[in-house]
Structure formats: structure tokens, C-alpha cells
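# Structural overview
As a plain string of letters, each chain reads:
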Amino acid sequence: MWTLPELPVQRELRRIAIITSGGDAPGMNAAVRAITRTAGSRGIETLGADRGYSGLVHEPLRPLSMSSVGSILQRGGTILKTDRCEAFMDPAVRLQTADALRAQGVDALIVIGGDGSLTGAHHFFADTGLPVLGLPGTIDNDIVGTDDSIGFDTAVNTALEAIDRIRDTAHSHDRLFLVEVMGRSSGFIALSVGIAGGAEAILLPDEAVNAETLLARMAQTRTREKASSLVVVAEGTDPTYTTRLAADLGAQGRPARACILGHIQRGGSPSGHDRVLASVLGASAVDHLQAGYSDIMLGIREGAIARTALERIGHERKKLPEAWLALASTLAS
Ligand code: ADP
């Protein structure tokens, strides 16, 4: 159970705007619902902009009501839709956007998204002074200041379901499978899925392991006695890496199949963990705005709500926990 701080009301709010931005993540809807219902229960209106910053810049906001956010808790994706918006990189556009929001009676903005979206939120506040609060919404879990981001747990479970099935086939055919999972350059999904799926090896982003190194690494573990094996590969930045590695393994006399899980990991109904995380963070976002906070992201650390300056997010890289790396290696040996 996560502890929520009780905060005194310091700021009068009439209207909060909400966007979901960057890559979609399961649980974003649960956060929109929690914000809307928490705000609504205090007489504060919420408005949604469609397609992230694009909607905020170019389109009118639409009201969200207690009932309009009904039946979305269990839905993946985001009812507000999401997008990337080049125009928002321009400070002049951010100023115009803040003026338009103020003209509509909006006192604050909540941004649910990844590190890019949260960095944009910081610039928006720095340029315009309109209070902004961020929530970490990304399957990649690559945001500093929080143990988990909204969507990560669901993506891990989705990838695991696929891995368990692939393992059945690997076992039946005595085959080596390379399973590529998402997570951009961060490796959090790969490490979690590798541990939870009992992978014989995990290839993290930027490791650039070649066929010889992988075979040598596997030869040092129990894998040498096994005909079937499963290696989890983080997607990294080279989209051809996993298929090339499988071909190179074949050329080295160890045939392997590449299986790229791709976008099936992004959608789907959010896990219980993600629904609770999004609900707690969404409700606490309203508390924090009312208490006068701005320019921060809320996350979860050591069982409690944690606040991180939005400015930090674009500058710091979240590191994979050393203990988990050691654990993955011990369990595969
Ligand atoms: P994610 O939030 O998933 O990391 P992106 O990095 O694509 O996704 O960022 C989403 C959007 O956030 C961008 O299209 C842009 O509108 C906005 N954004 C990202 N970085 C900045 C920045 N430095 N300044 C202003 N806006 C930004």
C-alpha cells in the first residue's frame, strides 16, 4: 500500500486541463479518471485536450465529467489519444497556448507521459508560469524519481505471456529463440521479463553482443546442457539487431529464431498494479495542485508518493538496479 501525503489547500482551482502525451501506456485512462473524479468531488472542473500537446496547441478543450470517465478504468490506450507535437518545442507556441488556456479559465495542467512530455511540461511552466504537474506514463519505466511508471507492469506481463508460449515451442523443437522486447534504450522491460521468464541470457541495450560472445556467455551456464533456450533482447536503437544476431548464430552452427514482440506489448487492459498506481497518482496530483505545488512529477518510491522536479527528468538517466543485474545472472547460471 502506498502512502499518500495529506496536504493543506493553498491554491483555489476552477479548471484543470489534462493531456496524455508521447507513447501510449496502459493505465493512462485510469489516471484521467482519478484526476477527473477527485477534482469533480471538490467542485473543480476538468477538461481534456485530444492528442497531447497537439490538441492543447491547436484544438478546443473538451469537458470531462464524472460519468464521461466511467468504464475507462480497464481500457488500454488513452481516450484522450496521444501524439507528438513538434510545434510545442517553440517557446512562442507555448506562450500562445498558455494564453488560450487562461482565456478558457484553466488554472493548471496535468501531463501524463514519458520523459519528453514531462520535459515539455517543465518548459511550459518555466515560460508561462501556468501551474503544471506531471505523472510518469510510459511502458519503458525509464523516468527518474519513480520506481514504476504507469504502464510498465502491464507491458512486462504482456511480454511474459508471449514468452511463456514461445518457451513451449522452444522446448518442443529443441530450439534457441531470441525474443526482442520493447523499452527503447532503457532495458527495464528486458531485465524484468528476463528474470520473470527465466531467460538463459538477457541482452541489454547498447551491449552490442555478437554471436560469438553470446555463445561464449551461454556456454558458461547450464544452457550448455540444454537444447532449447530463450534469450531476451532489449530493442535498443538498431531495429535489425535481433534478426541479424539470429542469422549470425545460425552461421556459427547454432540455429536461432528471432521473435520481435513489438507493439503487442503496448496496448491491452492495464494490470491491477497499474490501475492502482494510476489512481493513486491521479488523485494525489489534484491534492498537490491544490496545495500549491507545480513543476514537479509525482511517482512512487519506497512505498510512498515521491516528488521530483520536472527539470531533472530530461537530464538524468534512470539506471538499471545493480542487484537485479546480478540476480539475472545468478538465476541463469
Ligand atoms: P515521450 O513523452 O513518450 O518521451 P516524446 O519524447 O516524443 O515522447 O515527447 C512527446 C512530446 O513532448 C513531443 O512531441 C513534444 O511535443 C513534447 N516535448 C518533448 N521534449 C520537449 C522539449 N524539450 N520542449 C518542449 N516540448 C517537448
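Remember, predicted model here, so these are calculated numbers, not experimental data. (Residues numbered from 1 in each chain as written. Predicted model: local features only at pLDDT ≥ 70, side-chain atom pairs only at ≥ 80, totals over all residues. Heavy atoms only, no water.)

The next subject is the sheet that holds strand S7 (residues 201-203). The strand order across the open sheet built from four strands is S7-S8-S6-S9, with neighbouring strands paired in parallel fashion. Of all the strands in the sheet, the pair left with one neighbour each is S7 and strand S9 (256-260). Taken over all neighbouring pairs, the strand axes of this sheet differ in orientation by 20 degrees on average, direction set aside. Relative to strand S8 (residues 229-234), S7 is paired through three bridges, and the arrangement is parallel. In the strand pairing of S8, Ala201 is matched with Val231. Contacts between helix H5 (residues 152-173) and the sheet are confined to strand S6 (176-181), S8 and S9, with S6 contributing the most and set at about 170 degrees to the helix. (Pairing = 2+ DSSP bridges. Helix = DSSP H or I, 4+ residues; strand = E, 2+ residues; numbered from the N terminus. Axes fitted to C-alpha atoms, helices over the stretch in contact; angles between N-to-C directions. Contact = heavy atoms within 4.5 Å.)

Time to look at the side chain of Thr308. On the secondary structure map, Thr308 appears in strand S11 (residues 304-309). Residue classification places Thr308 among the buried positions, given a relative accessible area of 3%. Here Thr308 is in contact with Val144, Gly145, Asp295, Ile296 and Met297, once residues within four sequence places are set aside. (Buried < 20%, exposed > 50% of the residue type's maximum accessible area, 1.4 Å probe, protein only.)

Within the structure shown, the criterion is met by twelve salt bridges. Close ionic contact of Asp287 with Arg42 constitutes a salt bridge, the shortest N to O distance being 2.8 Å. Separated by 245 residues along the polypeptide, Asp287 in helix H9 (residues 272-290) and Arg42 in the loop between helix H1 (28-40) and strand S2 (45-48) bring together distant segments of the chain. We classify Asp287 as buried; its relative accessible area is 15%. With relative accessibility at 39%, the residue Arg42 sits in the partly exposed group. The residue Arg165 makes a salt bridge to Glu161 at a minimum N-O spacing of 3.5 Å. Pair noted here: Arg165 and Glu161 are both in helix H5, with a separation of four residues, about one helical turn. (Salt bridge = Lys/Arg side-chain N within 4 Å of Asp/Glu carboxyl O.)

Surrounding the ligand, one finds 17 residues, the nearest of these being Arg84, Cys85, Asp115, Gly116 and Ser117. A distance of 3.3 Å is found between an oxygen atom of the ligand and a backbone nitrogen or oxygen belonging to Gly23. Between an oxygen atom of the ligand and a main-chain N or O atom of Gly114, the distance comes to 3.1 Å. In the complex, 83% of the free accessible area of the ligand, which totals 550 Å², lies under the protein chains. (Near = heavy atom within 4 Å. Polar contact = N/O pair within 3.5 Å; in protein donor to acceptor, adjacent residues only side chain to side chain. Areas by Shrake-Rupley, 256 points an atom, 1.4 Å probe, with all protein chains shown as cover.)

This part takes up the environment of Thr240. Turning to its location among the elements, Thr240 is positioned in the loop between S8 and helix H8 (241-251). Since its relative accessible area comes to 37%, Thr240 is described here as partly exposed. Within polar-contact distance, the side chain of Thr240 engages the side chain of Asp238 at 2.7 Å.

For soluble globular proteins, the rule of thumb is that nonpolar side chains tend to be buried together. Counting residues in each nonpolar core, the largest one holds 61 residues, and the members touching the most others are Ile110, Ile112 and Leu135. Of all the elements, H5 adds the most residues to this core, at nine residues. Both domains that furnish three or more residues to this core are identified here as domain 1 (15-151 + 270-313) and domain 2 (153-266). Not counting residues within four places of it along the chain, the set of residues in contact with Leu135 comprises Ala31, Ile35, Ile110, Val111, Ile112, Gly113, Leu118, Leu281, Gly282, Ala285, Met297 and Leu298. (Core = buried A, V, L, I, M, F, W, Y, C linked by side-chain atoms within 4.5 Å. Domains from an automatic or database assignment.)

It helps to recall that an α-helix has 3.6 residues per turn; residues three or four apart then point in one direction. Taken across its nine residues, helix H6 (residues 188-196) has seven buried, putting it largely inside the fold. Taken as a whole, H6 has its buried residues at Phe188, Ile189, Ala190, Leu191, Ser192, Val193 and Gly194.

A separate point is the packing of aromatic side chains. For the structure on display, the rule yields two aromatic pairs. Taken together, a centroid distance of 3.9 Å and an interplanar angle of 15 degrees make the contact between Tyr53 and Phe88 stacked. Taken together, the positions of Tyr53 in helix H2 (residues 52-58) and Phe88 in the loop between strand S3 (62-64) and helix H3 (91-103) put the pair 35 residues apart, joining distant regions of the chain. In this structure, Tyr53 and Phe88 share a single accessibility class: buried. Ring centres 5.7 Å apart and planes at 35 degrees place the aromatic pair Phe88 and Phe124 in the tilted group. With Phe88 in the loop between S3 and H3 and Phe124 in helix H4 (residues 115-128), this pair connects stretches of sequence that are 36 residues apart. Given the relative accessible area of 0%, Phe124 is considered buried. Among the aromatic side chains, those forming a connected cluster through ring pairs are Tyr53, Phe88 and Phe124. Residue placement shows Lys318 over the ring face of Phe188; its charged tip is 5.0 Å from the ring centre. (Phe/Tyr/Trp six-rings, centres within 6.5 Å; stacked < 30°, edge-to-face > 60°. Lys NZ or Arg CZ within 6 Å of the ring centre and 35° of its normal.)

The next point concerns H4. Between its terminal C-alpha atoms H4 stretches 20 Å, which fits the 20 Å expected from 14 residues at 1.5 Å a residue. Those residues of H4 that fall on the buried side of the exposure criterion are Ser117, Leu118, Gly120, Ala121, His122, Phe124 and Thr128. Of the residues trailing H4, Gly129 is marked for its positive phi of about 75 degrees. (Expected span 1.5 Å × (residues − 1).)

Scope: geometric values only; no functional claims are made or implied.
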